[in-house]
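Below are the chains, spelled out letter by letter.
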Amino acid sequence: MNTQLLLIQVFNGLVNGAFYALLSLGLAVIFGMLRIVNFMHGALYMLGAFAAFALGQAFGLGFWPALILAPLIVGALGMVLERTLLSRLYGLEPSYNLLLTFGLTLLTQDLVKQVMLSQFAVSSAPYTTPDILTGVVNLGFVVFPKYRLFVIALTLVICLVTWFVIEKTRVGAIIRASTENPSVTRAFGIDVSKWVTGVFGVGVGLAGLAGVLAAPIYSVEPYMGAELIITTFAVVVIGGLGSIMGSIVTGFAVGVLAAVGAAIYPPIANTLVFILMAFVLLVRPSGLFGLPEGTR
Amino acid sequence: MKKARLTAIIATAALFSVTAALAQGAKLSDNVIKVGVLTDLSGVYSELSGPGSVRAAQLAADDFMAANAAYKGKVQVVGVDHQNKADVASNKAAEMIDRQNVDVLMDLPTSSAALSAAEIAKTKKIPVMVVTGGTTALTNEKCNKYTFHYAYDNFMLANGTGSAVTKRGGDSWYIIYPNYAFGQDLDRQMTAAIKENKGKLVTASDATPFPNTDFSSYLLKAQSLKPKIFGTMQAGNDLVNVVKQYNEFGLKKQGIGLGIGLLFETDVAALGQDAYAGALATVPWYWNLDQRSRDWSAKFEKSFGKKPTWAQAGVYSATTTYLQAVARAKSDNGDAVVKALEGHRFSDFFARSAYIRPQDHRVTLDVYTVQVKPKAQAKEAGDIFTKVATIPSAKAFTPLAESKCKF
């Protein structure tokens, strides 16, 4: 295995890692605050990509406006779902949420499929890279698409901003407090439930953003999130449920590890993440960055 | 006045009795011929076959009934969803034959579903015309007396594209294929076709997971290997992802061409034809092949609202061929129809110089190696292919001597 190929794969892995990080970050924020395992996250990622495509078809909006608008649309939809459906299940055991979000996933996928076929007459939608980011850059050791470098950079910025807001600001302090101990937070006169909706919106908005970013790379189709979400859940488990920094670092790390692993021994590409997950569960059940339940 | 009406009634009655007399010549089970289109009505192949295939079969039935007064009102078409699953396909096939009295099964996208439906049809002695399924096993080790393979197969794709590309100077390849029956088979056939034309593989073909979305590591490998042709045996959505990323990594600008195993019109529509421009593929037909094809396509589009894919045109042709065999056999009994189909030579808008080989039931026809033209050169909507070569019926498919079929 020469170092050049290894370097190439590291870069390649960072791109996949960027998507894992964005998605698991959203999952972590939601789980931390609401104790909901949002199975619908993959479908919302797909909705982000689909929104970008539909905005382009219906209003002629390009990639840049879509990059802002699509996550807002997905976020807003998420808040509506949280208020109307998810909020009704907070008192019940977590499996109800799982069933609900899973059902919503199936519904969303089929709805999007119907809309795509009836309105746009395609089962998989074309989406082009913005002009300024098309083409490749010669990095010396590898010729790499500009757009993918942009994805890595933007994702890093978004992740760091999210981390900063949650860990270093007053808003973040409220969110963290409501996460750690909702009843005590309420005692301080803070309406936790108000924050819950907003946080859910931000979490799924991040999934929408990942979707827009994926549109120029992967084919935009109703099931594009189904496979990705499974890997993302594994990433969340490895990183530790609810840990912000954990999900960011693990997202990128798993992306790189899987890519390098695939270069060394290709058949392992799809299973490496799950082997890793099994190992982490054995050695450190609360995840690499998670605190054991008792210490919360 | 009264007299005129009476004459009309008598004339009508006479006409009916003539029709009845004609139809009495043919022995039809339950007095109808029921064509069962077993296809993907909701999944990944529903756009290229699916409801369009059902419509195509219906059009074929209508045209046949219009042309043969004896069969007026006697042909019915049903469309059933097999969800691309082998087990669903065999259950549905049995149900259609036993409960709905279907006399023939059509279309069958997805090789595994086609194979399992063919198994059922064999035990029930009902003919199957596989149009959209591609595996060569249907006319080799898994062949049977009641199964016919229409339109295309993996050998025809590899033989057409592999040799055309290699002869045109694309003589060094790097191939990736999806790791399941269809992909492995296509890779084997493609490699053989390339070597036969004195081309070479720069490295062993790589199997990719199936389904898969990220092909970047294979594209980066291609970048460092610098073959003249990057061959992809992926189909459907996987193919769309490969081509999308092939463009993203700028392989074309680096002098690495694109060779595609199986290409449907819908794959091109999913990305726009510029993404595929210059790529070569082999197809049994396309809508603007010539005037005859255009005429039929216009009729189809008027009825269905969309241009036909080659799979849908194939279903029309296969249905017509089947119905004509029923007319010749004067019966819809499976064995009688099979006998009428075997050795039959014909030519229609879809299948040119067609011949139904009695030995393995491969339906051979002229096929075309095509190149995707850039959007700027398209003269009208849907104008995507330029014909590069016609491969004559006798040379397009597995030579009989190499067929492993015994029944």
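It should be emphasised that the depicted structure is a prediction, and the values quoted were computed from it without experimental measurement.

Looking now at the overall build of chain A. Broken down by element type, chain A carries 11 helices and two strands. Order of helices (α) and strands (β) in chain A, N terminus to C terminus: α-α-α-α-β-β-α-α-α-α-α-α-α. Against the globule reference of 19 Å for 296 residues, chain A gives a C-alpha radius of gyration of 19 Å, in line with a compact fold. With the C-alpha coordinates aligned to their principal axes, the bounding extent of chain A is approximately 55 × 50 × 35 Å. In chain A, the share of contacts with a sequence separation of at least 24, taken over all contacts with a separation of at least 6, comes to 76%.

Moving on, we get to the pairing of strand 3 (residues 104-107) of chain B. Residue and element names in this part refer to chain B. Of the pairings in the sheet, the one linking strand 1 (residues 33-39) to strand 3 comprises four bridges and is parallel in character. Its bridge partner being in strand 3, Leu 38 is matched across the sheet by Asp 107. Of the strand pairs in this sheet, strand 3 and strand 4 (residues 128-130) are connected by three bridges, and their pairing is parallel. When the sheet's bridge partners are listed, Leu 105 is paired in strand 4 with Val 128. Each parallel crossover has a hand, and for strand 3 linked through helix 4 (residues 111-124) to strand 4 it is right-handed.

Next up on the list: the nonpolar core. With 132 residues, the main nonpolar core has Ala 57, Leu 105, Met 106 and Ala 117 of chain B as its most contacted residues. Per-element accounting of this core gives the leading share, 11 residues, to helix 11 (residues 310-329) of chain B. In terms of domain composition, this core takes at least three residues from each of domain 1 (28-152 + 290-364) and domain 2 (155-283 + 368-395) of chain B. Residues in contact with Ala 57 of chain B, not counting those within four places in the same chain, are Val 35, Val 37, Val 77, Met 106, Val 315, Tyr 316 and Thr 319 of chain B. Grouped together as the second largest cluster of nonpolar side chains are 84 residues, Ala 66, Ala 210, Leu 241 and Ala 262 of chain A included.

Our focus in this paragraph is the sheet that holds strand 2 (residues 75-81) of chain B. Residues and elements named next belong to chain B. Strand order in the open sheet made by the five strands is 2-1-3-4-5, with parallel pairing throughout. For this open sheet the edge positions go to strand 2 and strand 5 (147-149), each flanked by a neighbour on one side alone. On average, each strand axis in the sheet is inclined to that of its neighbour by 20°, with strand direction left out of account. Packing of helix 3 (residues 86-98) onto the sheet brings it into contact with strand 1, strand 2 and strand 3, and relative to strand 1 it is tilted by some 170°. Running at roughly 165° to strand 4, helix 4 makes contact with strand 1, strand 3, strand 4 and strand 5 of the sheet.

A word on the packing of helix 2 (residues 41-59) of chain A against helix 4 (residues 94-120) of chain A. Residues and elements named next belong to chain A. Between helix 2 and helix 4, the shortest axis-to-axis distance is 10 Å and the interhelical angle comes to 20°. Here helix 2 is positioned roughly parallel relative to helix 4, judged by the angle of their axes. Considering only the axes of helix 2 and helix 4, their crossing is left-handed. Here Gly 42, Ala 43, Met 46, Leu 47, Phe 50 and Gln 57 of helix 2 lie close against helix 4, whose contacting residues are Thr 105, Thr 108, Gln 109, Val 112 and Phe 120. Of the residues assigned to the contact of helix 2 with helix 4, the class counts are six nonpolar, five polar and no charged.

As a further point, take the packing of helix 5 (residues 146-168) of chain A against helix 6 (residues 170-180) of chain A. Residue and element names in this part refer to chain A. At a minimum axis distance of 5 Å, the contact between helix 5 and helix 6 shows a crossing angle of 75°. In terms of axis orientation, helix 5 runs roughly perpendicular to helix 6. Seen from helix 5, the contacting residues are Val 165, Ile 166, Glu 167 and Lys 168; seen from helix 6, they are Val 171, Gly 172, Ile 175 and Arg 176.

Residue and element names in this part refer to chain A. Tracing the backbone through its elements, the reader meets Gly 205 in helix 8 (residues 192-214). Its 23 C-beta neighbours within 10 Å are what place Gly 205 among the buried residues. For the pair formed by Gly 205 and Asn 97, sequence separation is 108 residues and the distance between their alpha carbons is 19 Å. For Gly 205, the residues in contact, after removing those within four places along its chain, are Pro 71, Leu 72, Val 74, Gly 75 and Gly 78.

Glancing now at the domain arrangement of chain B. Residue and element names in this part refer to chain B. Parsing chain B into structural domains produces domain 1 (28-152 + 290-364) and domain 2 (155-283 + 368-395). The centre of domain 1, based on its C-alpha atoms, is set 28 Å off from the matching centre of domain 2. With 18 residues of domain 1 at the interface, the matching set in domain 2 holds 17 residues. Among the elements of the structure, helix 4, helix 11 and strand 13 (354-356) are those that each provide at least two residues to the side of domain 1 that touches domain 2. Here the side of domain 1 that touches domain 2 is composed, by residue class, of eight nonpolar, eight polar and two charged.

Residue and element names in this part refer to chain B. With respect to topology, three strands assemble into an open sheet ordered 12-13-14, the strand pairing being antiparallel. Looking at which strands have only one partner, the edges of the open sheet turn out to be strand 12 (345-346) and strand 14 (363-364). Pairing geometry for strand 12 and strand 13, over two bridges, is antiparallel. Across the sheet, residue Arg 345 finds its bridge partner in strand 13, namely Tyr 355.

The first and last C-alpha atoms of helix 5 of chain A sit 32 Å apart over 23 residues, in line with the 33 Å expected at 1.5 Å per residue. For helix 5 of chain A, the full list of buried residues reads Tyr 147, Arg 148, Val 151, Thr 155, Ile 158, Cys 159, Thr 162 and Ile 166 of chain A. Buried residues along helix 5 of chain A sit in contact with helix 1 (3-34), strand 2 (143-145), helix 6, helix 8 and helix 10 (244-264) of chain A together with helix 8 (236-248) of chain B.

A few words now on the environment of Thr 39 of chain B. Residues and elements named next belong to chain B. As for its placement among the helices and strands, Thr 39 is situated in strand 1. Sequence-wise, Thr 39 and Asp 81 are 42 residues apart; in three dimensions their C-alpha atoms are separated by 5.3 Å. The residues touching Thr 39, leaving out its near neighbours within four places in the chain, are Ser 49, Gly 50, Ser 53, Val 54, Gly 79, His 82, Asp 107 and Pro 109.

Counting residues at the interface gives 24 residues for chain B and 27 residues for chain A. Among the secondary structure elements, those contributing two or more residues to the side of chain B that touches chain A are helix 7 (216-225), helix 8 and helix 9 (265-271) of chain B. Here the side of chain B that touches chain A gets six residues from one element, more than from any other, and that element is helix 8 of chain B. Here the side of chain B that touches chain A is built from residues that sort into eight nonpolar, 10 polar and six charged.

Our focus in this paragraph is unusual backbone geometry. For residues other than glycine, phi is negative in most cases, and the peptide bonds are mostly trans. Residues and elements named next belong to chain B. At Leu 108, a residue that is not glycine, the phi angle is positive and equals roughly 55°. Structurally, the position occupied by Leu 108 is in the loop between strand 3 and helix 4. Residue Leu 108 is classed as buried on the basis of its C-beta count, with 33 C-beta atoms lying within 10 Å. The backbone phi angle of Thr 110 is positive, close to 70°, even though this residue is not glycine. Structurally, Thr 110 can be placed in the loop between strand 3 and helix 4.

What counts and what doesn't
- Residues numbered from 1 in each chain as written.
- Chains lettered and ligands numbered in written order.
- Predicted model: local features only at pLDDT ≥ 70, side-chain atom pairs only at ≥ 80, totals over all residues.
- Helix = DSSP H or I, 4+ residues; strand = E, 2+ residues; numbered from the N terminus.
- Rg over C-alpha atoms; globule rule 2.2 N^0.38 Å.
- Contact = placed C-beta atoms within 7 Å.
- Pairing = 2+ DSSP bridges.
- Right-handed = clockwise from strand over helix to strand, strands pointing away.
- Core = buried A, V, L, I, M, F, W, Y, C linked by C-beta atoms within 7 Å.
- Buried ≥ 20, exposed ≤ 12 C-beta atoms within 10 Å, placed from the backbone.
- Domains from an automatic or database assignment.
- Axes fitted to C-alpha atoms, helices over the stretch in contact; angles between N-to-C directions.
- Parallel < 35°, antiparallel > 145°, perpendicular 65-115°, else oblique.
- Left-handed = near helix turned anticlockwise from the far one by under 90°.
- Nonpolar A, V, L, I, M, F, W, Y, C, P; charged D, E, K, R; others polar.
- Expected span 1.5 Å × (residues − 1).

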